[in-house]
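# Structural overview
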Amino acid sequence: MTADVLPPLTDRDGPLTELVAPYADVLNADLAELDAGSVFSRAKWQAIKDSGILRTPFKEEHGGSGRSFTETMKVLEGLGYHSRDAGVSFSTSTQIVSLATPLEKFGSAGLKARYLPRILSGEAITAHAITEESGGSDAMNITTVAVREDDHYVVDGGKMFITNAPVADLFLLYVRTGKPGPFGLTCLLVERDTPGLEIGEPLDKLGLRTSPLGRLTFDRLRVPVTNRVGAEGGGFLVLDYVMKREILYAFSITLGEMRHRLDTVIRFATERTQFGQPIASYQAVSHKIVEMRIAVETAAKWLADTGAKAERGEDISLDLASTKIVVSEANVKTALDAVQIHGGRGVLTSHGIERDLRNSVAGTIYSGSSEIQRNRMAALLGL
């Protein structure tokens, strides 16, 4: 096996994957220290801003780059390939989907004019508050309630596991304005310093440690009705629109990370010698690498096919659940294989191989766990 079995991503997919390549040195600096301290790097966020990646899927009239759904996936795959800081990459995908995506689709002209420029430039960091501590993936039965009082909504309750929350300037809150169910959900845009909004301290976690995670508490938080994104009771439509993109965009980054991991493993296995020959020459190692390659390309095919269907406006309910399961679980498997192939180096924090494994675990949980995805598929199949 030679190092050119799987050429670098940039040799295969052209300029779309190169957007963040000039910023790789900044994005890959001080990884061990920042991960150990759970530090969100403002310098790296500046690199993300400067790259223009945050503008990728949005219309030019709003300051975006006008890229299509599948082109955006390719750009984000390039981010995953070039950036070893998976936390910053995850915060980047959250920035793209959490508020700008639903705001452009469902927001009023006034809200778009006021907020989109700051979001697309990265000046304002964003988060969407969906999950609750007791509810998990059960978005249809959230307990955070918004009651209409004249020209405001008054919100009480709380949210948990909110990516970007500790550093976010703007939030999209998913709240209940009616009976539990798909027509009781409404989305409200809230600024960080609004009275009644309390942002908790960052939560320590296993992986993606440079992407801050936190909780939100609402105590008679007053939000103008004009800050509603979409119709009252239309939150499920917003959520469905966002989640398609959240999964396909975030796991396009994951695909880039897996491609880089595979390239790294191939290079290591051909250079590392044991008992007088490269470890790649041993069948136990070479077969493991072959299985990694199959997993990566299977993930790529699922993403490409589902993304193309989404772009054509086809129903992707089953495909989306399948894609998330395939890619997230392949990520864990290939990360574990990489640790095993690297041996002692694989468990040292200085090499970053074990960090890949820690980062991979969350992918089977966020945006709907593997168990939830299988439940959805079973229901859609009439089981």
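Basis of the calculations
- Residues numbered from 1 in each chain as written.
- Predicted model: local features only at pLDDT ≥ 70, side-chain atom pairs only at ≥ 80, totals over all residues.
- Heavy atoms only, no water.
- Helix = DSSP H or I, 4+ residues; strand = E, 2+ residues; numbered from the N terminus.
- Rg over C-alpha atoms; globule rule 2.2 N^0.38 Å.
- Buried < 20%, exposed > 50% of the residue type's maximum accessible area, 1.4 Å probe, protein only.
- Contact = heavy atoms within 4.5 Å.
- Areas by Shrake-Rupley, 256 points an atom, 1.4 Å probe, with all protein chains shown as cover.
- Salt bridge = Lys/Arg side-chain N within 4 Å of Asp/Glu carboxyl O.
- Expected span 1.5 Å × (residues − 1).
- Phe/Tyr/Trp six-rings, centres within 6.5 Å; stacked < 30°, edge-to-face > 60°.
- Lys NZ or Arg CZ within 6 Å of the ring centre and 35° of its normal.
- Axes fitted to C-alpha atoms, helices over the stretch in contact; angles between N-to-C directions.
- Parallel < 35°, antiparallel > 145°, perpendicular 65-115°, else oblique.
- Left-handed = near helix turned anticlockwise from the far one by under 90°.
- Core = buried A, V, L, I, M, F, W, Y, C linked by side-chain atoms within 4.5 Å.
- Patch = residues over 30% accessible without salt bridge, like charges linked within 9 Å, V, L, I, M, F, W, Y side chains within 5 Å.

## Considerations on the overall build of the protein chain
Looking only at helices and strands, one finds twelve helices and nine strands in the protein chain. Since a compact globule built from 383 residues should have a radius of gyration of about 21 Å, the 21 Å found for the protein chain is in line with a globular shape. When each of the 383 residues of the protein chain is scored for burial, the buried share is 54%. Across the protein chain, every contact between residues at least 6 apart in sequence was considered, and the portion connecting residues at least 24 apart equals 75%. Accessible surface for the protein chain amounts to roughly 16300 Å². Of this, 53% is attributable to carbon and sulfur atoms.

## Here we look at the environment of Ala-47
Inspection of the secondary structure assignment puts Ala-47 in helix α4 (residues 42-51). Distance in space between the C-alpha atoms of Ala-47 and Asp-25 is 9.8 Å, their sequence separation being 22 residues. Filtering out sequence-adjacent residues up to four positions away, Ala-47 remains in contact with Tyr-23, Val-26 and Leu-27.

## Brief notes about the pattern of salt bridges
Under the defined criterion, the tally for this structure stands at 19 salt bridges. A salt bridge links Asp-85 to Lys-44; its shortest N-O distance comes to 2.8 Å. One end of the pair, Asp-85, is in the loop between α5 (69-82) and α6 (86-106); the other, Lys-44, is in helix α4, with 41 residues separating them in the sequence. The shortest N-O distance in the salt bridge between Glu-329 and Arg-374 comes to 2.9 Å. Here Glu-329 is found in helix α10 (residues 317-342), whereas its partner Arg-374 is found in helix α12 (residues 370-380), with 45 residues between them in sequence. With a relative accessible area of 30%, Glu-329 lands in the partly exposed category. On the accessibility criterion, Arg-374 (41% relative accessible area) is partly exposed.

## Focus on helix α8 (residues 235-271)
The terminal C-alpha atoms of α8 lie 53 Å apart, and with 37 residues this matches the ideal 54 Å at 1.5 Å per residue to within 8%. The element α8 is largely enclosed, with a buried count of 28 among its 37 residues.

## Observations regarding the packing of aromatic side chains
Aromatic rings in a pair are described by how distant their centres are and how their planes are angled relative to each other. The final tally for this structure, using the stated rule, is five aromatic pairs. Pairing Phe-40 with Trp-45 gives two aromatic rings, centres 5.8 Å apart and planes at 45 degrees, and the pair type is tilted. Judged by centre distance (5.6 Å) and plane angle (25 degrees), the rings of Phe-251 and Tyr-366 are stacked. Residue Phe-251 is found in helix α8, and its partner Tyr-366 is found in the loop between α11 (353-361) and α12; the two are separated by 115 residues along the sequence. When its relative accessible area of 1% is taken as the criterion, Phe-251 is described as buried. Chaining the aromatic ring pairs together yields one cluster made of Phe-90, Phe-251 and Tyr-366. The residue whose ring lies beneath Arg-148 is Tyr-153, and the NZ or CZ to ring-centre distance is 5.7 Å. We note Arg-245 situated over the ring of Tyr-241; from NZ or CZ to the ring centre the distance is 3.7 Å.

## Quick look at the packing of α8 against helix α9 (residues 283-311)
Close contact between α8 and α9 brings their axes to 10 Å; oriented N to C, the two are set at 155 degrees. With respect to each other, α8 and α9 are oriented roughly antiparallel. Handedness of the α8/α9 crossing: left-handed. Residues Leu-248, Phe-251, Ser-252, Leu-255, Met-258, Arg-259, Arg-261, Leu-262, Val-265, Ile-266 and Ala-269 of α8 lie in contact with α9, whose contacting residues are Val-285, Ile-289, Met-292, Arg-293, Val-296, Glu-297, Ala-299, Ala-300, Leu-303, Thr-306, Gly-307 and Ala-310.

## Details of the nonpolar core
Generally speaking, soluble globular proteins have nonpolar side chains that are buried together. Counting 80 residues, the largest nonpolar core has Leu-103 and Tyr-174 as the members making the most contacts within it. For this core, the leading source of residues is α8, giving 17 residues. Those residues in contact with Tyr-174 that sit more than four places away from it in its chain are His-128, Ala-129, Ile-130, Ile-142, Lys-159, Leu-185, Thr-186, Cys-187, Gly-235, Val-238, Leu-239 and Val-242. Counting 19 residues, the second-largest nonpolar core is a separate cluster that includes Ala-146, Val-155, Phe-171 and Leu-221.

## What to know about a nonpolar patch on the surface
A cluster of nonpolar residues, Leu-318, Leu-380, Leu-381 and Leu-383, forms a patch on the protein surface that exposes about 420 Å² of accessible area. On the secondary structure map, Leu-381 appears in the segment after α12.

## Topic: the packing of α5 against α8
Between α5 and α8, whose axes approach to 7 Å, the crossing angle comes to 40 degrees. The angle between α5 and α8 falls in the class oblique. By crossing handedness, the relation of α5 to α8 is classed as right-handed. Counting all contacts with α5, which are made through Phe-69, Thr-72, Met-73, Leu-76, Glu-77, Leu-79, Gly-80 and Tyr-81, the residues of α8 involved are Lys-244, Arg-245, Leu-248, Tyr-249, Ser-252, Ile-253, Leu-255, Gly-256, Glu-257, Arg-259, His-260 and Asp-263.

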